[in-house]
Amino acid sequence: MASALFLKAACVMLFVTACVSGCDRALYERVIDDFCLAKFKSDMGAVDQRLWCSWPDTTKIYEGLTNCTYQVALRMDCFWPGHTVDRFFVRIHRNYFHDCQLTGRLIHDPPASVLAPFVGVPILVTLLVTALVVWRSKHTEGIL
């Protein structure tokens, strides 16, 4: 199986490097489907389906898929990332990661002890500068 994938990879790379000018999006989509997606399916098939939502268990496979689409794009002179890659990854997420919960990856507000100075200090500085400007505008005698 590994030698067949290696042979297929070599054929794809020879074919891809022969294309020198411009990006054929349809061909790019076919190549990432035939090569990158096939490898991703094979690698994900080796992981227990209950672990598909475990980032530590799938990160290397996902990085390999990302790198594959990037390398093929470079060799085919295609823009990366682009609409084709976006659609490709949306399809991947719809098929493999649709049941994963977002709890571990959601962005959270920082704690109040961190947030308060970033909110409070600019407000206090604004009030202080405003008070200083008003005070200086009322006490202009003797300055000029």
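Every value quoted in this text rests on a predicted model; they were computed, and no experiment measured them.

## Let's talk about the state of the cysteines
Here is step 1: Here the structure, examined in full by the defined rule, presents two disulfides.
Here is step 2: Note that Cys36 is cross-linked by a disulfide to Cys68, the S-S spacing being 1.9 Å. Across the S-S bond linking Cys36 and Cys68, the dihedral sits near -80 degrees, which makes this disulfide left-handed. On the criterion of sequence distance, the pair formed by Cys36 in helix H2 (residues 25-45) and Cys68 in helix H3 (residues 55-75) is long-range, its members being 32 residues apart.
Here is step 3: Under the relative-accessibility criterion, Cys36 is labelled buried at 2%.
Here is step 4: The buried category is assigned to Cys68, whose relative accessible area is 13%.

## A closer look at the side chain of Thr84
Here is step 1: Counting through the fold element by element, Thr84 comes out in helix H4 (residues 83-96).
Here is step 2: Here Thr84 falls in the buried class, since its relative accessible area comes to 10%.

## Some remarks on the UniProt feature "transmembrane region" (unreviewed entry) in the chain
Here is step 1: In the numbering adopted here, UniProt assigns the feature "transmembrane region" (unreviewed entry) to residues 114-135.
Here is step 2: End C-alpha atoms of residues 114-135 are separated by 32 Å, and the span's content is 100% helix alongside 0% strand.

Parameters at a glance
- Residues numbered from 1 in each chain as written.
- Predicted model: local features only at pLDDT ≥ 70, side-chain atom pairs only at ≥ 80, totals over all residues.
- Heavy atoms only, no water.
- Disulfide = S-S within 2.5 Å.
- Helix = DSSP H or I, 4+ residues; strand = E, 2+ residues; numbered from the N terminus.
- Buried < 20%, exposed > 50% of the residue type's maximum accessible area, 1.4 Å probe, protein only.
- UniProt positions renumbered as here; feature names shortened; annotations may be inferred.

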